[in-house]
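This is what each chain is made of:
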Amino acid sequence: MEKQPRLLASQLLLKNSLFEVSLNRVLLTWKEIATKKKRVSGGIHHPFKVGFCFPKFLRRDKGESGTSHGVSVSEILAVRELDVDSETKDDGRWQKMPQKSTEAYPYAFTVSYVERAWQHRWRCSDVTFHCLEGALCQQWVQTIREQLTALTSRPKHLLVYINPYGGKQQGERIYEQKVAPLFTLASISTHVIVTEHANHARDHLRTEAELKKYDGVVCVGGDGMFSEMVHGLVSRTQRDNGVDQNSPEEKLVPCTLRIGIIPAGSTDCICYATVGINDPVTSALHIIVGDAQPMDVCSVHHNNTFLRYSVSLLGYGFYGDVLADSERKRWMGPARYDFSGFKTFLTHHYYEGTVSFLPATDILGTPRDKTRCRAGYHQPLFLLPEYKGGWRVIRGKFLAINAASMSCACPRSPKGLSPAAHLADGTTDLILVRKCSRFNFLRHLLRHTSKYDQFDMNFVEVHRVRRFRFTPRYCQSDSELDLRENGKRLFSQICRDHPACSCSPAYSSWNCDGEILPHAAIEVGCVTTPYNLLCKYTVHSESI
Ligand SMILES: Nc1ncnc2c1ncn2[C@@H]1O[C@H](COP(=O)(O)OP(=O)(O)OP(=O)(O)O)[C@@H](O)[C@H]1O
Ligand SMILES: CCCCCCCCCCCCC/C=C/[C@@H](O)[C@H](CO)NC(=O)CCCCC
Ligand SMILES: [Ca+2]
């Protein structure tokens, strides 16, 4: 790596020890100086407490001359001068520094930075350096601030939507207690809207929000709230640019704003599958440092009419039925999925139809790979020049048809529906689970929670595709669609034209990122944006 010129280097005091502290454009490092004479001001032997204390798995080395640490400038959150007098007063609470040593080093500044903790968690850590002179202290603060200002990918103004109703209904508390203090620390200004009804955020983004004022939008909620953000922003951008969303072939104009998620939902699969954990503090820190992650987006059409976008799961059969049943049990919170999941498993409905798909032959990698793709280390696109292969058609009876555009990992299934799915390769993994015994289906489901391969079963197949269509065996009439849209679950003219009737309805619903689609027959196209599309904190799209 190219050696960076030093911007500053000084001997500063940290927790009674002298450190050589150095800053260049990339790194802030501090290394303990000579062990024999390192104690200052008479040596302090009593223990003292430090403010934030998180495991330092990374970044700490113990060499001959003592510990050394390094923090990437891109992960420094803030720097501030410290009022040493007030810091060292014993007011009965913990103290940052013992008083004696700071008498000789009366000026101090604190650097807050990202510390990587366990299982993909990020935490905010503080380190306080004491200086001999005020001018030196100010020089450090100013130089670090200049470096932070030069980081152009960081947001300064954010529009935040909180869903007070998602997950365990803790959105507002999570934001106020865990996220807002971090945004303040990082000098990010926010305009916060607590939503009052479903689609409030979507419609506000689509029509009213003064988007020019912001560097990004953030939702506090689950996958449904993220979906509202996507629909609001993408629709507005298309409308402003005269793009017809109803045409499956039309290219979408990418939006310029990024979307961040603070997880406060029931599944939080979009957050979990990209960041690796559904932790509000971790997501807030990713947002602050300006991380971005491109994502695939599927657009879903029915008879040349745009229905919705999907970024995680499009599921017909099992996951459609779980969702339809669980929506009536929202009062149960996230546990509704366990209840409805078990109930749906017992009903064991299968659905007949035809799946046609366009395999993605121009990429490397398959859904059976052992690799995992998450934000920050997703595989780059390996596009091969020739687009080979045509549509394939599969008819049958299916317990589930799932299209996973990302792994769909979530706390219920840490490896997800399609563990090797890529976040940004322009494909979706189409998983077909054919009719089988309850016992076998249970084995398949349980494998989502273990290390065993859920695709290694003779009734399951998985294809990496660019487009697909599904047509149910029995045509859905307009009146059936109307009934469904009016919220009545249709047991679909059971028996009529249904020779193998065993009370299995003719149609399921599509579960589109946690929202129900009334149409069974759909056509889907998946695309990656060469731009950043969405997520944890990201930008956006192009299409199909
Ligand atoms: N103020 C509100 N009142 C009622 N519903 C709302 C409100 N704000 C948003 N919604 C709707 O609540 C639904 C669920 O929200 P969200 O996705 O945040 O939580 P969830 O469904 O519990 O979590 P997940 O999607 O991760 O399973 C979404 O469809 C969203 O449109
Ligand atoms: C009987 C034993 C069952 C054990 C099965 C474990 C398998 C879990 C796989 C979980 C896949 C989640 C896919 C994510 C879908 C989200 O877009 C959507 C909106 O948040 N959530 C659901 O539909 C909620 C879906 C919840 C399904 C249970
Ligand atoms: Ca993908």
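Going by the annotation in an unreviewed UniProt entry, the name recorded for the chain is DAGKc domain-containing protein, with Oncorhynchus tshawytscha given as the source organism.

Taken as a whole, this structure holds 16 salt bridges when the rule is applied. In this structure, glutamate 210 engages lysine 213 in a salt bridge whose closest nitrogen and oxygen atoms are separated by 3.7 Å. Here the salt bridges share partners, and the residues they tie into one network are Asp325, Arg328, Lys329 and Lys343.

Assigned domains within the chain: domain 1 (6-149), domain 2 (154-294 + 530-544) and domain 3 (296-483 + 503-528). Contacts between domain 1 and domain 2 engage 16 residues on the former and 15 residues on the latter. Taken together, the two surfaces of domain 1 and domain 2 that pack against each other cover about 1,200 Å², and 65% of this comes from carbon and sulfur. It is Leu77, His120 and Trp122 that lose the most area in domain 1 upon contact with domain 2, and together they represent 47% of the buried surface on that side. Taken together, the connections running from domain 1 to domain 2 amount to 1 salt bridge. When the shortest N-O distance is used, the salt bridge between arginine 123 and aspartate 279 registers 2.8 Å. One can count 4 residue pairs in polar contact (both at pLDDT 80 or more) joining domain 1 with domain 2. Residue assignment for the side of domain 1 that touches domain 2 shows that the elements contributing at least two residues are strand 6 (76-82), strand 7 (107-116) and strand 8 (122-131). The element best represented in the side of domain 1 that touches domain 2 is strand 6, accounting for 4 residues. Considering only residue class, the side of domain 1 that touches domain 2 consists of 8 nonpolar, 4 polar and 4 charged.

Moving on to the site of ligand 2. With respect to spatial proximity, 14 residues lie near ligand 2, and among them Asp223, Thr267, Ser312, Asn511 and Gly514 are the closest. At 3.1 Å, a side-chain N or O of threonine 267 approaches an oxygen atom of ligand 2. Within the side chain of asparagine 511, a nitrogen or oxygen atom sits 2.8 Å from an oxygen atom of ligand 2. If ligand 2 stood free it would expose 700 Å²; the protein chains cover 90% of that surface. Here the shell around ligand 2 is composed, by residue class, of 6 nonpolar, 6 polar and 2 charged.

So, on to the coordination of the calcium ion (ligand 3). Working reference: metal with six octahedral donors, ideal angles 90 or 180 degrees; metal with four tetrahedral donors, ideal angle 109.5 degrees. The coordination sphere of the calcium ion (ligand 3) contains the protein donors Asp296 (OD), Ser405 (O), His422 (O), Asp425 (OD) and Thr427 (O), at a distance range of 2.2 to 2.8 Å. Coordination of the calcium ion (ligand 3) draws on donor residues from a single chain, spaced D-x108-S-x16-H-x2-D-x1-T in sequence. On the criterion of sequence distance, the pair formed by aspartate 296 in strand 13 (residues 296-302) and serine 405 in the loop between strand 17 (392-404) and strand 18 (428-434) is long-range, its members being 109 residues apart. Serine 405 sits in the buried class, given a relative accessible area of 1%.

All right, on to the site of ligand 1 then. Near ligand 1 there are 24 residues, and of these Gly167, Gly222, Gly224, Glu228 and Ser266 occur at the shortest range. Contact distances for ligand 1 include 3.3 Å between a nitrogen atom and a backbone N or O atom of histidine 197. Taken by itself ligand 1 offers 630 Å² of open surface, and the protein chains cover 91% of this. Contributing elements (two or more residues each) for the shell around ligand 1: helix 6 (223-240) and helix 10 (335-347). Residues belonging to the shell around ligand 1 are distributed by class as follows: 5 nonpolar, 12 polar and 7 charged.

Quick look at unusual backbone geometry now. With glycine set apart, most residues show a phi of negative sign, and most peptide bonds adopt trans. The backbone phi angle of asparagine 199 is positive, close to 70°, even though this residue is not glycine. Residue asparagine 303 is not a glycine yet carries a positive backbone phi of 45°. Its place among the elements puts asparagine 303 in the loop between strand 13 and strand 14 (305-310).

Moving on, we come to the nonpolar core. Counting residues in each nonpolar core, the largest one holds 62 residues, and the members touching the most others are Tyr161, Leu205, Phe226 and Met229. Ignoring sequence-local partners within four residues, the contact set of methionine 229 consists of Tyr161, Ala201, Leu205, Val217, Cys219 and Ile259.

What counts and how
- Residues numbered from 1 in each chain as written.
- Chains lettered and ligands numbered in written order.
- Predicted model: local features only at pLDDT ≥ 70, side-chain atom pairs only at ≥ 80, totals over all residues.
- Heavy atoms only, no water.
- Salt bridge = Lys/Arg side-chain N within 4 Å of Asp/Glu carboxyl O.
- Domains from an automatic or database assignment.
- Contact = heavy atoms within 4.5 Å.
- Buried area = accessible area lost by both parts, 1.4 Å probe.
- Polar contact = N/O pair within 3.5 Å; in protein donor to acceptor, adjacent residues only side chain to side chain.
- Helix = DSSP H or I, 4+ residues; strand = E, 2+ residues; numbered from the N terminus.
- Nonpolar A, V, L, I, M, F, W, Y, C, P; charged D, E, K, R; others polar.
- Near = heavy atom within 4 Å.
- Areas by Shrake-Rupley, 256 points an atom, 1.4 Å probe, with all protein chains shown as cover.
- Donors = N, O, S within 2.8 Å, 3.2 Å for Na, K, Ca; no water.
- Buried < 20%, exposed > 50% of the residue type's maximum accessible area, 1.4 Å probe, protein only.
- Core = buried A, V, L, I, M, F, W, Y, C linked by side-chain atoms within 4.5 Å.

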